[in-house]
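# Summary of the model geometry
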Amino acid sequence: MKYEGVIFDLDGTLLDTLDDLADSMNAVLQQLNFPVHPTEKYRYFVGDGMRQLARRVLPAESINDELLETTIRLMSDEYNKHWNVKTQPYHGMEELLDQLTETGVKLAVLSNKPDPFTKMMVPALLPRCSFYPVLGARAGVPVKPDPQSALEIAGIWGISPDKILYVGDTATDMMTANAAGMSAVGAAWGFRTVEELLKAGARAIIHQPLELLALLKA
């Protein structure tokens, strides 16, 4: 095979987490007496880490460091209670992962979701697949689109970045892949548009998970 490893984004790529993220953050906004947002707007609020999510949902005129920290803390508490209410793997994802496992290709997860949530959710909702490593946002490590964590995975695997497919659903993911020297694959079923993915440097677009198999040999 041309590619020896596949790195997956989590939210909007492996798992449809939108409803639980939106419901949790809207509950926090209600606690803080701020307006809530339609679930669809969260497609553009999420993807760049918890701090950016808080900045995007709060009224701009109210934002300060103390409010941001309070919002992040409340969101962590709320999401911890409700992360698995509606969240599930995308249709066809488990079949794809089964087939990838059979090929022997290495599989990892790289998310801007906080690392504890990432490490908790992946084995709980995708238990048949052995991802290694599974990395979320960690203290002292820049979040995507900085390529540091993607290159860390390549180093753990001992695989050249040009032998790795990086699959994600946002411009942030495509920029991460390209900055790391990996092949950026846009997941059209996720939170963002095909136009955004192409503009951000997607080398291929797939519309359902099993289409990834053909790219491994392309």
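### Some thoughts on the pattern of salt bridges
Working definition: two side chains of opposite charge can pair if their charged atoms are close together. Counted under the stated rule, the structure contains eleven salt bridges. When salt bridges that share partners are traced, they join D9, K144 and D173 into one network.

### Overview of the packing of aromatic side chains
Counted according to the given criterion, the structure contains four aromatic pairs. Judged by centre distance (6.5 Å) and plane angle (55°), the rings of Y90 and W189 are tilted. With Y90 in the loop between β3 (88–89) and α5 (93–103) and W189 in the loop between β7 (183–187) and α9 (194–199), this pair connects stretches of sequence that are 99 residues apart. Take Y90 and W189: they sit in the same class, and that class is buried.

### A word on the packing of helix α3 (residues 50–57) against helix α4 (residues 65–82)
Interaxial distance between α3 and α4 falls to 9 Å at its minimum, and their mutual angle equals 110°. The orientation of α3 relative to α4 falls into the category roughly perpendicular. In terms of crossing hand, the pair formed by α3 and α4 is right-handed. The segment α3 lies against α4, with M50, R51, L53, A54 and R55 engaging L68, E69, T71, I72, M75 and S76. Residue classes in the contact of α3 with α4 are distributed as six nonpolar, two polar and three charged.

### Considering the packing of α4 against helix α6 (residues 115–125)
Following both chains from N to C, one finds α4 and α6 inclined at 10°, their axes separated by 12 Å at the closest point. Considering the angle they form, α4 stands roughly parallel to α6. On α6, the residues that touch S76, Y79 and N80 of α4 are F117, M120 and M121. Broken down by class, the residue content of the contact of α4 with α6 amounts to four nonpolar, two polar and no charged.

### Side note on the environment of A204
By the element assignment, A204 lies in strand β8 (residues 204–206). Residues A204 and V185, 19 residues apart in the sequence, show an inter-C-alpha distance of 5.0 Å. The contacts of A204, once residues within four sequence positions are left out, are A184, V185, G186 and L215.

### Some thoughts on the pairing of β7
With five of its five residues buried, β7 lies for the most part within the structure. Relative to β7, strand β6 (residues 164–168) is paired through four bridges, and the arrangement is parallel. Within β7, the position partnered with L165 by the bridge is S183. Across three bridges, the pairing between β7 and β8 is parallel. Counted as the bridge partner of G186 is I205 from β8. As for the winding sense of the linkage, the β-α-β connection from β7 through α9 to β8 is right-handed.

Cut-offs applied
Residues numbered from 1 in each chain as written. Predicted model: local features only at pLDDT ≥ 70, side-chain atom pairs only at ≥ 80, totals over all residues. Heavy atoms only, no water. Salt bridge = Lys/Arg side-chain N within 4 Å of Asp/Glu carboxyl O. Phe/Tyr/Trp six-rings, centres within 6.5 Å; stacked < 30°, edge-to-face > 60°. Helix = DSSP H or I, 4+ residues; strand = E, 2+ residues; numbered from the N terminus. Buried < 20%, exposed > 50% of the residue type's maximum accessible area, 1.4 Å probe, protein only. Axes fitted to C-alpha atoms, helices over the stretch in contact; angles between N-to-C directions. Parallel < 35°, antiparallel > 145°, perpendicular 65-115°, else oblique. Left-handed = near helix turned anticlockwise from the far one by under 90°. Contact = heavy atoms within 4.5 Å. Nonpolar A, V, L, I, M, F, W, Y, C, P; charged D, E, K, R; others polar. Pairing = 2+ DSSP bridges. Right-handed = clockwise from strand over helix to strand, strands pointing away.

Purely geometric stuff here, so don't read any function into it on its own.
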